Amino acid sequence: MRVGLTYDLRSDYLKEGYSLEETAEFDKEDTIDGLARAIAAHGHEIDRIGNVRALVARLAKGDRWDLVFNIAEGMHGIAREAQVPALLEAYSIPCTFSDASVLTMCLHKGYTKAVLQAAGVATAPFTVVERESDADNIKIPCPLFVKPVAEGTGKGITPESIIRKPEDVRKTVVSLLKKHAQPVLVEPYLDGREFTVGLLGTGPSARTVAAMEIHLGEKAEPGLYSLSNKENYEDRVTYSIATDALAREAERVALAAWRTLGCRDGGRADLRAGSDGKVYFLEVNPLAGINEKTSDLPIMWRMLGRKYDDLIGIILDEAMTRVKR
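Throughout what follows, the structure given in this document is the object of discussion. (Residues numbered from 1 in each chain as written. Predicted model: local features only at pLDDT ≥ 70, side-chain atom pairs only at ≥ 80, totals over all residues. Heavy atoms only, no water.)

### Regarding the layout of surface pockets
At step 1: One number sums up the size of the second largest pocket: a volume of about 380 Å³.
At step 2: What lines the second largest pocket is a set of 18 residues, and nearest its centre among them are M75, E151, K155, H180 and Q182.
At step 3: Partitioned by chemical class, the residues of the lining of the second largest pocket number 5 nonpolar, 6 polar and 7 charged. (1 Å grid on protein atoms, 1.4 Å probe; cavity = no way out; pocket = protein on both sides within 12 Å on 5 of 7 lines; lining within 4 Å. Points joined across faces, edges and corners; volume = space filled by probe spheres on them. Nonpolar A, V, L, I, M, F, W, Y, C, P; charged D, E, K, R; others polar.)

This is the structure:
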């Protein structure tokens, strides 16, 4: 089968003048090389396409694929993760992971939490601040946790994201509004154990991989899984596979969220416990990092004693159910 590979190469955007923070979600060459090797190991022909602009050019030229393995995050707009799947849908070319509608909804954390709240999935109270004047009407008591509504990889999350004093709320929220030019999600700060749950499959066949607990070390920015902690995880973060009652509850909530949102093939959900001892959904990543060594899903897969090629094979098998023979 001819498999195209779409991705955003970080070095390409750095050459165009974008910053390290702006390109934090994008992939390095070793991720693309490792993924291409793993796909080829399952007997498929690989065609490296690149980003959405490269895909447009290839489609216009008449190129087609049986399946596209898509990990392109996109650069501009809240619907940026949906750009590649939407283009492929227009040409009836199936791709891995969630479709354009799900990726758009899930990147906007406010939309995601509203859908899950309506469905009865455990998520903490929240509000979305659209403009400066909204910052004066936040009813959730401190301590609060604030972050840009549509970023990934911990972008926009710093120690200032934890607000403990009411007098600091407006200043912090307005600062985020201006810096990231997008709404800000405001929710209670949950100070309990933090998990990321791996998920595979679609709909009724979806299942959890494991609940991986995140432990922040002495060198880490305290209290949060920030961009800085993620990028320097080897010195700041340790992980463990958790199997106790709270971890099992995290898996249950994550799976309910995955199915409710219509995510498919593979990804992750992040959850955290509150002072009440209950676990709450934070966000879902239906287009999760896939680097063999450094991404959370492959890390937990490896901790279970499983091979990276097998993980990619399962994702391919899930997506191939949508390939027209």
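Let us keep going from here.
### What about the pairing of strand β5 (residues 144-148)?
At step 1: Within β5, 5 of the 5 residues are buried, leaving the element largely enclosed by the surrounding structure.
At step 2: Where β5 lies against strand β6 (residues 162-163), 2 bridges are found, and the strand directions are antiparallel. Each residue of the ladder has a partner; that of F145, found in β6, is I162.
At step 3: Pairing between β5 and strand β7 (residues 184-188): 5 bridges, direction antiparallel. If you follow L144 over to β7, its bridge partner there is P188. (Buried < 20%, exposed > 50% of the residue type's maximum accessible area, 1.4 Å probe, protein only. Helix = DSSP H or I, 4+ residues; strand = E, 2+ residues; numbered from the N terminus. Pairing = 2+ DSSP bridges.)

### Looking at unusual backbone geometry
At step 1: The step from C142 to P143 runs through a cis peptide bond, and the omega angle for that step is 5°.
At step 2: Relative to the helices and strands, P143 resides in the loop between β4 (127-129) and β5.
At step 3: For F97, which is not a glycine, the phi torsion comes out positive at approximately 70°.

### Focus: the sheet that holds strand β11 (residues 266-273)
At step 1: With respect to topology, 5 strands assemble into an open sheet ordered β10-β9-β8-β11-β12, the strand pairing being antiparallel. Across the chains shown, the open sheet's two edge strands, defined by having one partner strand only, are β10 (237-242) and β12 (279-285). Strand-to-strand twist of the sheet, defined as the mean angle between neighbouring strand axes without regard to direction, takes the value 30°.
At step 2: Note: strand β8 (residues 194-200) against β11, 7 bridges, orientation antiparallel. Looking at the pairing, E194 lines up with R272 of β11.
At step 3: The strands that helix α11 (residues 296-303) touches are β8, β9 (207-216), β10 and β11; relative to β9, the one it contacts most, it runs at about 100°. (Axes fitted to C-alpha atoms, helices over the stretch in contact; angles between N-to-C directions. Contact = heavy atoms within 4.5 Å.)

### Notes on the sheet that holds strand β2 (residues 45-50)
At step 1: If you trace the 3 strands from one edge of the open sheet to the other, you get β2-β1-β3, paired in parallel fashion. Looking at strand neighbours, the two that pair on one side only are β2 and β3 (67-70), the edges of this open sheet. Taken pair by pair, the neighbouring strands of this sheet meet at an average axis angle of 30°, ignoring direction.
At step 2: With 5 bridges joining them, strand β1 (residues 2-6) and β2 adopt parallel strand pairing. Bridge pairing in β2 links G4 to D47.
At step 3: Sheet strands in contact with helix α3 (residues 52-61) are β1 and β2, and its direction is about 115° off that of β2.

Keep in mind these values describe shape, not function.
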